[in-house]
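# A look at the structure
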Amino acid sequence: MNKKKDKHIVLMGFKNAGKTVVGKELARRTGMPFLDLDDEIEKQASMKCREIVQTQGEKAFRTIETETLKKVLATDTPSIVALGGGAILAAENQELIREHKKALITGDKNTLFNRIIKKGRPMIFGKEGTDREAFERVYTEREPMYEQLADMKVDNSGKVESAVEEIIKHLTS
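Residues numbered from 1 in each chain as written. Predicted model: local features only at pLDDT ≥ 70, side-chain atom pairs only at ≥ 80, totals over all residues. Heavy atoms only, no water.

Going residue by residue along strand β1 (residues 9–12), you find Ile-9 and Leu-11 tucked away on one face and Val-10 and Met-12 tucked away on the opposite face as well. Where β1 lies against strand β3 (residues 80–82), three bridges are found, and the strand directions are parallel. When the bridges of β3 are listed, Ile-9 appears paired with Ile-80. As judged from the four bridges shared by β1 and strand β4 (residues 101–106), these two strands associate in the parallel manner. Within β4, the position partnered with Val-10 by the bridge is Lys-102. (Buried < 20%, exposed > 50% of the residue type's maximum accessible area, 1.4 Å probe, protein only. Helix = DSSP H or I, 4+ residues; strand = E, 2+ residues; numbered from the N terminus. Pairing = 2+ DSSP bridges.)

Take a look at the structure:
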């Protein structure tokens, strides 16, 4: 994986699809470092992503997210990078990740909904409609973008090891 296109492995997908869990296991299996973009944002800003959105607004958060993504992808060490669910909304971020290997981590839609709602209604759902209606709206908006950007689609509905194996198989074929 020495060509520029293969520099980083970018994991993307909907909130609670398992990008971080899959990324950590993939890092363990490959020996590559793992970075969670939201964790990197929080380190840099010294506050939680949710707090940034609440105090500075989503636009400010997305700007910080893009700047952090630029820094992470500019590193020389090939890494596994888990994006936040909405990172792909910005055209600039889509362009930044285009030259890297990209895996779309998916899961059962109902399971995703239940995982998300268990932690309370996220800010990305806005205030309109029921929890389910808001989930469907956001999911419908993002899923085609993920599909278009991904080099591979990996179902994480089963065991994490199976999803990781699928990524490794795709990377080595």
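Residues Lys-15, Arg-50, Arg-115, Lys-118 and Lys-119 make up a contiguous surface patch of positive charge. When you line up the elements, Arg-50 lands in helix α3 (residues 49–56). (Patch = residues over 30% accessible without salt bridge, like charges linked within 9 Å, V, L, I, M, F, W, Y side chains within 5 Å. Areas by Shrake-Rupley, 256 points an atom, 1.4 Å probe, with all protein chains shown as cover. Salt bridge = Lys/Arg side-chain N within 4 Å of Asp/Glu carboxyl O. Lys, Arg positive; Asp, Glu negative; His and termini not counted. Charge placed at Lys NZ, Arg CZ, Asp CG, Glu CD.)

Let us now look at the packing of aromatic side chains. Under the defined criterion, the tally for this structure stands at five aromatic pairs. For the ring pair Phe-125 and Phe-135, a centre distance of 6.3 Å and an interplane angle of 65 degrees mean the geometry is edge-to-face. Note that Phe-125 is positioned in the loop between α6 (109–118) and α7 (131–149) and Phe-135 in helix α7, a separation of ten residues in sequence. Considered together, Phe-125 and Phe-135 belong to a single accessibility category, that of buried residues. Linked through ring pairs, Phe-14, Phe-113, Phe-125, Phe-135 and Tyr-139 together constitute an aromatic cluster. Between Arg-132 and the ring centre of Phe-113, over which it is positioned, the NZ or CZ distance is 4.5 Å. (Phe/Tyr/Trp six-rings, centres within 6.5 Å; stacked < 30°, edge-to-face > 60°. Lys NZ or Arg CZ within 6 Å of the ring centre and 35° of its normal.)

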